[in-house]
Amino acid sequence: MREIITWLAEIVNTGHDILIVLFRELGFSLTDKQLHFWIIGFIGIFAYFFVYFFFKLLAAFKWSTSIFSFVYTFTLMIVLVFAIEIQQAITNRGNMEFADAVIGLWGFLVFFFVYASLAIIAYLITKWYKKRKH
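Keep in mind that this is a model prediction, so the values were computed, not measured.

1. Things to note about the side chain of Glu85
Reasoning step 1: Looking at where Glu85 falls in the secondary structure, it is placed in helix H3 (residues 64-91).
Reasoning step 2: A relative accessible area of 5% means that Glu85 is categorised as buried.
Reasoning step 3: Looking at Glu85, its side chain comes within polar contact range of the main-chain nitrogen of Glu97, at 3.0 Å.

2. Comments concerning H3
Reasoning step 1: In this model, H3 (28 residues) spans 40 Å end to end at C-alpha, consistent with the 40 Å of a helix rising 1.5 Å per residue.
Reasoning step 2: Elements that come into contact with the buried residues of H3 comprise helix H1 (2-25), helix H2 (32-58) and helix H4 (98-133).
Reasoning step 3: Positive phi shows up at Asn92, right after H3, with a value of about 60 degrees.

3. Brief notes about the packing of H2 against H3
Reasoning step 1: Direction vectors running N to C along H2 and H3 enclose 145 degrees, while the axes themselves pass 9 Å from each other. Contacts from Phe54, Phe55 and Leu58 in H2 reach Ser64, Ile67, Phe68 and Val71 in H3.
Reasoning step 2: Classifying every residue of the contact of H2 with H3 gives six nonpolar, one polar and no charged.

4. A closer look at the packing of aromatic side chains
Reasoning step 1: Tallied over the full model, the rule gives 16 aromatic pairs.
Reasoning step 2: Note on Phe23 and Phe28: the rings are 6.2 Å apart at their centroids and 80 degrees apart in plane angle, and the pair reads as edge-to-face.
Reasoning step 3: Both rings, one in Phe112 and one in Tyr115, keep their centres 5.8 Å apart while their planes meet at 55 degrees; by these two values the pair is tilted. Of the two residues, Phe112 and Tyr115 are both situated in helix H4; the distance of three residues between them amounts to about one turn of the helix.
Reasoning step 4: Take Phe112: its relative accessible area is 27%, and that puts it in the partly exposed class.
Reasoning step 5: A relative accessible area of 51% means that Tyr115 is categorised as exposed.

5. Considerations on empty space enclosed by the protein
Reasoning step 1: This structure, assessed with the given rule, holds one cavity of 30 Å³ or more.
Reasoning step 2: In this model, the largest cavity occupies a volume close to 30 Å³.
Reasoning step 3: Forming the walls of the largest cavity are Ile20, Phe23, Arg24, Phe28 and Leu30.
Reasoning step 4: Class assignment of the residues belonging to the lining of the largest cavity gives a composition of four nonpolar, no polar and one charged.

The rules we used
Residues numbered from 1 in each chain as written. Predicted model: local features only at pLDDT ≥ 70, side-chain atom pairs only at ≥ 80, totals over all residues. Heavy atoms only, no water. Helix = DSSP H or I, 4+ residues; strand = E, 2+ residues; numbered from the N terminus. Buried < 20%, exposed > 50% of the residue type's maximum accessible area, 1.4 Å probe, protein only. Polar contact = N/O pair within 3.5 Å; in protein donor to acceptor, adjacent residues only side chain to side chain. Expected span 1.5 Å × (residues − 1). Contact = heavy atoms within 4.5 Å. Axes fitted to C-alpha atoms, helices over the stretch in contact; angles between N-to-C directions. Nonpolar A, V, L, I, M, F, W, Y, C, P; charged D, E, K, R; others polar. Phe/Tyr/Trp six-rings, centres within 6.5 Å; stacked < 30°, edge-to-face > 60°. 1 Å grid on protein atoms, 1.4 Å probe; cavity = no way out; pocket = protein on both sides within 12 Å on 5 of 7 lines; lining within 4 Å. Points joined across faces, edges and corners; volume = space filled by probe spheres on them.

Here it is, written out as C-alpha cells:
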C-alpha cells in the first residue's frame, strides 16, 4: 500500500512539474495555488458532468434511490478504507496494506449482497401475496 501511495504521489508530482513548465511556455506564470485552482476546477467539473449523466441514466431504473444510495455508500467506503490505511501508516499502528482496503470493501459488498437478497425476497413475497389476494 505504501508503495502504491508513493507511486501515485510520484505521478502527481511529475504531472505538477510538467504542467508548471507547460503553462510557463504558454506565457502563464501561475502560482501553485492558481495551478490548483485551474486543475482541480477542471477535474471537478469533468467529474460532475460524468456523474450527472451517469446518475441521469440510473434515474430511469425502478429502484434508482437504492442504486444512488449504494453508489454513494460505496464511494464513502472507498474513502474510509484508504483513510484508515493511511492513518495506520502515519501512526505506525497496524500494517498499511492494499489488501486490507480491498478485503474491507469486500466485506461491505458481501453485507450489501445479503441485504439486497433479503430485500428482493421480501419484495417478491409481498408482490406474490398481493397478486394472490386479488
